[in-house]
Each structure stands twice: as C-alpha cells, then as structure tokens.
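Structural description and commentary
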Amino acid sequence: RCRCRCPALLSRPAGALRAGRGLATGPEMHFGFQTVTEDERREKIYQVFESVAKKYDVMNDSMTLGIHRVWKDIFMHKMNPCPGTLLLDVAGGTGDIAFRFINYIRSIRERQLQRKLKHHQNLSWQEIFESYQKDKFNSLGDSQVVVCDINREMLKVGKQKAQHLGYSEGLSWVLGNAEELPFDDDKFDVYTIAFGIRNVTRIDLALQEAHRVLKPGGRFLCLEFSHVSNPLLSRLYDLYSFQVIPVLGEVIAGDWKSYQYLVESIRRFPPQEELKAMIEDAGFFKVDYENLNFGIVAIHSGFKL
C-alpha cells in the first residue's frame, strides 16, 4: 500500500489529457435550463463554484436546513471504511467527506486500542501511556484521503477549514478534473463523489475515470440530489427549491444566479434508475442505490470486480 503523502499518487499533471480521451467541445448540453456547448457549460460551472466557494458551507446548511450533515454521516456509515483505506474524494473541495473519513478511522482505531488494553489487564501505567502516545501519533494507521477538485477556490476553502479544524495527517489536496483524473490506474480502495457528479460535464467520462483509478475490489460511492417519487412531496419540494433557495442565495451569498443554477441542475439530473444504468455501463458490478428522504437524495454504490 502506498504510504506516501501525495506526489507518488500522481502520474501526470492535473488536467492532462491521455491520448484518445480528449475533451471535445461536443454537442449542445444543459446548463440548468439553458442550452450551451460543452466548453461553455464547463466554464459556467467553474464560475458558479468560484462564486459560491466562501459561502458554500453556510448555504448548504441554509438550503437543506442542516440535513446535508445527516446525509453525509449516513454516506460515511455506508462506506464503513477500515484502517488502511486509501480514499479518493472527487469534487470534495470543502473537505466535508474527507474530515468525516478521518474522524471515522480515528474512532475505529481508538476502539481497537481500548479493546487491546482491556485484554491486557497486567500492563503497567508506563506501557498504557506509551500505547496511547503511539496511537496519538499514528491515529489513522495507513489510511489516506486525497481530495480532488477542479476548482481552486473550493480547494482553498477546504485547506483553510482543515487548518482551522486541525486536520493534516493523511490528507492531501489535488487540483484535477473528474473527467480526466491525474492518477494512475488501480490506485484507490474507495472513490466518493458527494453532490458533485451532477456538475460534471460528461458524467459517462467521470464514471469511466472512477472505474479506472479504483483497485480491483474497490468501491464507488455517490451521494447526490435525486428524484422524488411522491407527487405531493415533489410539488412542495419544487416550490421550496425554486421560490426559496435562490432568495437564500441572494440574501446570504449575494448570488441569485448561481443558486438558481444549482436548483435547475438537480431537476436536469438523471433519475435513480438511469444513473444506476450509467454506473453499470462504466463497468461497475453489484450496483444499487438507497433513497434518503423519499429520494430527495440518493446514495449509489458499485464495485470494480
């Protein structure tokens, strides 16, 4: 297992194109409810997240009434990583998944240490103290999380949060495109993307890249806004989304348009079964999904076998 921080994980410059996999301008596609070219969409989405980066966490709390935190906790428990896991978190610029991963691994390691000490009743105070000190300096074991995001501003905010919250061990930040990841094949145990895949210009390419960088036996996990099946709840959700969220965006972040796009992008995103089929087309097996809050969000899971 690779124990180094970050450089050894990288195989080529972020954003470099491999032969035969160039990102063409391509056909027209959607940016929210507008029709644009691929290049225009990519540029517009970059501008959206550059604009909202500093207020992103505050807006997430406001838009979801704080429930996004619960969704991310459920997501982490579904992953259930063990010590030694090498995680790639794509579009995770502000660090929410990375920090949860580190906390989760630390808590497992702490429980392991307590069990170990419990079964050795005859240890001296000195031996117990040394065990805790050793664990303190190696609280993640060989676990690593690499946060990869295309947007410099989002990464900047994430790094500032990590510094403020005291996260440094086992954490790396990489500028990179989900459609053209700057990593070698078969590198990671788990690939996560939370509330990011709907902002990828070519979802099919992003899924192929996820499959490529995972080790055989590796797991793909995606948390994303999805489609509500209950007609009454769907109408209420639409009313809240289109009438309230852009107003919150204007009041809190001074940015109506970006939050209008974020709402529209949710409505344009493929429903659960369609996304499941796309994940299978990328080569994943045992693909399934779990709806949270009646399908407001869904967790998709698949394995590279």
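Residues numbered from 1 in each chain as written. Predicted model: local features only at pLDDT ≥ 70, side-chain atom pairs only at ≥ 80, totals over all residues. Heavy atoms only, no water.

Looking at the packing of aromatic side chains
Tallying each qualifying case throughout the model produces eight aromatic pairs. Considering the side-chain rings of F99 and Y167, the 4.5 Å spacing of their centres and the 5° angle between planes classify their relative orientation as stacked. Here Y167 lies in the loop between α6 (152-165) and β5 (171-175) and F99 lies in helix α4 (residues 96-118), a separation of 68 residues in the sequence. Note on accessibility: F99 and Y167 belong to one class, buried. Taken together, a centroid distance of 5.5 Å and an interplanar angle of 25° make the contact between Y191 and F220 stacked. In this pair, Y191 sits in strand β6 (residues 188-194) while F220 sits in strand β7 (residues 214-225), placing the two residues 29 residues apart along the sequence. With respect to burial, Y191 and F220 carry one shared label: buried. Members of the aromatic cluster, connected to one another through ring pairs, are W71, F195 and F225. (Phe/Tyr/Trp six-rings, centres within 6.5 Å; stacked < 30°, edge-to-face > 60°. Helix = DSSP H or I, 4+ residues; strand = E, 2+ residues; numbered from the N terminus. Buried < 20%, exposed > 50% of the residue type's maximum accessible area, 1.4 Å probe, protein only.)

Details of the pairing of strand β4 (residues 144-149)
Of all six residues in β4, six are buried; the element is thus mostly enclosed. Of the two faces of β4, the one holding Q144, V146 and C148 and the one holding V145, V147 and D149 are both buried throughout. The sheet contact formed by strand β3 (residues 86-90) and β4 spans five bridges and is parallel. Its bridge partner being in β4, L88 is matched across the sheet by V146. (Pairing = 2+ DSSP bridges.)

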